[in-house]
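Secondary and tertiary structure notes
This is what each chain is made of:
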Amino acid sequence: MHLLILAAFLSVTAALTVVFRRRYRSLSYIRGPSPPSWLFGHDIAFLRQQEVGEKDFKWMKEYGVTWRITSHFGTQVLMTADPKAMQHVFHKSGYNYVKRRDHAEMSRMFTGPGIISAQGEVHQRHRKIMNPAFSAPQLRTFLTLFQDIGIKMCDKWKGEVLDAPDKTVYVNKWLARTTLDIIGEAAFAYDYGALDQRNDRLSKVYSNIFVKTTLHSSKWLILWRSMWNYFPDALMPYIKYTPTKEHRHIRHATRIFQEVVGQVFDDLTGDVSEKEGKKDVMSILVKANASEDPKSQLSYTEMTAQMQSLTFAGHETTASTLSWMLWELAKHPDYQAKMRAEIRATRSAVLARGDTSFTIDDLDSMTSVLNAIKETLRFHPIVFNLWREAVNDDVIPLSEPIISATGETIHSIPIRAGQWLSMSICSYNRLPQVWGEDADSWNPDRFLDIDQTKQVRVGVFANLMTFSAGVRGCIGWRFSLIEMQALAAELLERFEFGLPKEHYEIVRVPAGLMIPLVKDRLELGSVMPLQVSMAQ
Ligand code: HEM
Ligand SMILES: *[C@@H]1O[C@H](CO)[C@@H](O)[C@H](O)[C@H]1NC(C)=O
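Residues numbered from 1 in each chain as written. Chains lettered and ligands numbered in written order. Predicted model: local features only at pLDDT ≥ 70, side-chain atom pairs only at ≥ 80, totals over all residues. Heavy atoms only, no water.

Let's talk about the sheet that holds strand 5 (residues 385-390)
Overall, mixed pairing links the five strands, which are arranged 1-2-8-5-3 in an open sheet. With partners counted over all chains shown, the strands left at the sheet margins are strand 1 (66-70) and strand 3 (97-99), one partner each. Shown here is a sheet whose adjacent strand axes are inclined to one another by a mean of 35°, direction ignored. In this structure, strand 3 lies alongside strand 5, joined through three bridges in antiparallel fashion. Pairing of Lys-99 across the sheet is with Arg-388, part of strand 5. Contacts between helix 3 (residues 54-63) and the sheet are confined to strand 1, strand 2 (76-80), strand 5 and strand 8 (420-424), with strand 1 contributing the most and set at about 125° to the helix. (Pairing = 2+ DSSP bridges. Helix = DSSP H or I, 4+ residues; strand = E, 2+ residues; numbered from the N terminus. Axes fitted to C-alpha atoms, helices over the stretch in contact; angles between N-to-C directions. Contact = heavy atoms within 4.5 Å.)

Spelled out as structure tokens, the structure:
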């Protein structure tokens, strides 16, 4: 009820603002679907898609690689999967395309005033301070951590999980515990105890956080959130008190997080000399903070927010990607066997030279593993769509021209300050022009044939948009990649993955991030049931 009254009141102000702004930026000449309602536009339809990509792929087939959709109150939005447009917006424009304000505010609620929610100059400072912690040499030092925790998970499976033959395992639950333990140690030397299921209060609030906070929000909550775009700055600190169960859960999670990180931080800063040799991200940031330059300093709140940001952005993303990969491998047993053979051959070489563990070079030499990771990132992008708002007027170039409503061919699109863009990551990753005619099927071997030098350069890794790109691209992409390589090698060497005997229909559900769910079995939470057995 509260929400209804508030939404009604704010609608009036918002409507006036939008009508005013719309006069300046009509995209009517660009073709696109007409919205189901003026109030909600496509927002509800888009957020409640049965599966990620359902709407995007359909629209792209109908209108070409760039089209127009509508948000609340008739706000026109440019939606695109165009390679040059991606390159322009993410790579070439610096901070001219910022996150939509309500999206940044949602991130702020989940992660505090850290790198994910910061915009413009503040973001630039955060990023500059965080970058050294994610350099290639720094990340090499994490490899042993990835392997140790990965092996711990495998041992748990052997000891407890696979006691019955062909047991169905919810692999993504285990992978999320594994990646949570990893990010805890790597980010701030904290043991979440997730694999041991110690019921640590922090790991408890993170389990299923997306299902609890973003899945199936009511349409009034969706509208209320989009109204944040029109609020004066002074109101922003209060929106987190939105009286719904979703926001209560977010507040609860944040409170617990701050308590726990506060403790870790106090222990850590007790004696500066003890930090020598410590490699976790927080130790690195605390050392950097000793510098005189205010541009390399973070306040206490910003520091804890970075830890919250890393935990939030850095575990389910990686765990889900691996789950989708294992699911594909269950459906592609030949490819799975090829990977296992490659991993075992590499292991023999490692043992023969007197080592026990894979080095980064060993992992990089396993092409079929690497290609399966690339192909899964392409096919199942966890972050499937990114919204941006133009700061200044601009012109967006297209590599795939489109036909306007009046039949003209369009090669570039003029943009007004304030214009909204919806960048369809999942559609870019499926463009046949870029990935080949079979772009709609999962086929890792495509990376053997594709000449990536002929593509428009967009993303940080394999020219995919899955990690985004440019000044706001994923800071953890290389961390995640090494982590996935290491975990995949340990897992596939020991276990074989197949589809369970009982039929589960897996759906790719849009819940902020893309998560796997079993159709009509929401009570299970986010799960990926697979049949796991010891590999022969
Ligand atoms: C497969 C795994 C991952 C995927 C697909 C992924 C994807 C992304 C994407 C698309 C963004 C841009 C979001 C936006 O613009 O709103 C992003 C940002 C970010 N990611 Fe990742 N990520 C992954 C793993 C990780 C890991 C392991 C970490 C940390 C160790 C991490 C830390 C971050 C941070 C801190 C940002 C914010 C960067 C900024 O705004 O400057 N991510 N990620
Ligand atoms: C970083 O240094 C500044 C200036 O000395 C200080 O105000 C701030 O609290 C420090 N931040 C942390 C997280 O210790």
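Now that the structure is up, let's keep going.
Considering the packing of helix 16 (residues 316-331) against helix 23 (residues 477-494)
Contact geometry for helix 16 and helix 23: axes closest at 11 Å, N-to-C directions at 40°. In terms of orientation, helix 16 lies oblique with respect to helix 23. Remark: the crossing between helix 16 and helix 23 carries right-handed chirality. Here Thr-318, Thr-321, Leu-322, Met-325, Leu-326 and Leu-329 of helix 16 lie close against helix 23, whose contacting residues are Ser-480, Glu-483, Met-484, Leu-487, Ala-488, Leu-491 and Leu-492. Of the residues belonging to the contact of helix 16 with helix 23, the class tally is nine nonpolar, three polar and one charged. (Parallel < 35°, antiparallel > 145°, perpendicular 65-115°, else oblique. Left-handed = near helix turned anticlockwise from the far one by under 90°. Nonpolar A, V, L, I, M, F, W, Y, C, P; charged D, E, K, R; others polar.)

Topic: the pattern of salt bridges
Scanning the entire structure with this criterion turns up 25 salt bridges. When the shortest N-O distance is used, the salt bridge between Arg-100 and Asp-102 registers 2.6 Å. Asp-102 matches Arg-100 in its accessibility class, with the two residues each being buried. The residue Asp-293 makes a salt bridge to Lys-128 at a minimum N-O spacing of 3.9 Å. Pair noted here: Asp-293 is in the loop between helix 14 (281-288) and helix 15 (300-314) and Lys-128 is in helix 6 (residues 120-130), with a separation of 165 residues, a long-range link. With a relative accessible area of 34%, Asp-293 lands in the partly exposed category. One network of salt bridges, with partners in common, ties together Arg-347, Glu-490, Glu-493 and Arg-494. (Salt bridge = Lys/Arg side-chain N within 4 Å of Asp/Glu carboxyl O. Buried < 20%, exposed > 50% of the residue type's maximum accessible area, 1.4 Å probe, protein only.)

As for the site of ligand 2
Around ligand 2 sit Phe-265, Asn-289, Gln-297, Leu-298, Ser-299, Tyr-300 and Met-303, and that is every residue in its neighbourhood. One nitrogen or oxygen atom from the main chain of Leu-298 is found 2.7 Å from a nitrogen atom belonging to ligand 2. Computed on the free molecule, ligand 2 has an accessible area of 370 Å², of which 53% lies beneath the protein chains in the complex. Taken together, the residues that form the shell around ligand 2 break down as four nonpolar, three polar and no charged. (Near = heavy atom within 4 Å. Polar contact = N/O pair within 3.5 Å; in protein donor to acceptor, adjacent residues only side chain to side chain. Areas by Shrake-Rupley, 256 points an atom, 1.4 Å probe, with all protein chains shown as cover.)

Some thoughts on the coordination of the iron atom of ligand 1
The protein supplies the iron atom of ligand 1 with one donor atom, Cys-474 (SG), which lies at 2.3 Å. Along the polypeptide, Cys-474 turns up in the loop between helix 22 (446-449) and helix 23. (Donors = N, O, S within 2.8 Å, 3.2 Å for Na, K, Ca; no water.)

Observations regarding the sheet that holds strand 12 (residues 529-534)
Backbone-to-backbone hydrogen bonds join strands into a sheet, with any given pair of strands oriented parallel or antiparallel. Strand order in the open sheet made by the three strands is 4-12-9, with antiparallel pairing throughout. Sheet topology places strand 4 (168-170) and strand 9 (495-498) at the edges, where each strand pairs with a single neighbour. Taken pair by pair, the neighbouring strands of this sheet meet at an average axis angle of 45°, ignoring direction. Relative to strand 12, strand 4 is paired through three bridges, and the arrangement is antiparallel. Within strand 12, the residue paired with Val-169 across the bridge is Leu-530. Taken strand by strand, helix 9 (residues 171-188) contacts strand 4, strand 9 and strand 12, and its axis lies near 45° from that of strand 4.

Here's the deal with the UniProt feature "binding site: heme" (unreviewed entry) in the protein chain
UniProt's feature table lists "binding site: heme" (unreviewed entry) at Cys-474, given in the numbering used throughout. When residues no more than four places from it in sequence are discounted, the contact partners of Cys-474 are Arg-127 and Phe-467. (UniProt positions renumbered as here; feature names shortened; annotations may be inferred.)

Notes on helix 8 (residues 143-161)
Counted at 1.5 Å a residue, the expected span for helix 8 with its 19 residues is 27 Å, and the 25 Å between its end C-alpha atoms agrees. For helix 8, the complete set of buried residues consists of Leu-143, Leu-145, Phe-146, Gln-147, Ile-149, Gly-150, Met-153, Cys-154, Lys-156, Trp-157 and Val-161. (Expected span 1.5 Å × (residues − 1).)

Regarding the side chain of Asp-102
Secondary-structure assignment places Asp-102 in helix 5 (residues 101-111). On the basis of relative accessibility, which here comes to 4%, the residue Asp-102 falls in the buried class. Polar side-chain contacts of Asp-102 include one of 2.6 Å to the side chain of Arg-100.

Digging into the pairing of strand 6 (residues 394-403)
Each regular strand carries side chains that alternate between the two faces of the sheet. Examined bridge by bridge, strand 6 and strand 7 (residues 409-415) share six bridges and lie antiparallel to one another. By the bridge assignment, Ile-402 is partnered in strand 7 with Ile-410. Here strand 6 hands over to strand 7 after five residues, with Gly-407 in that stretch at a positive phi of 90°.

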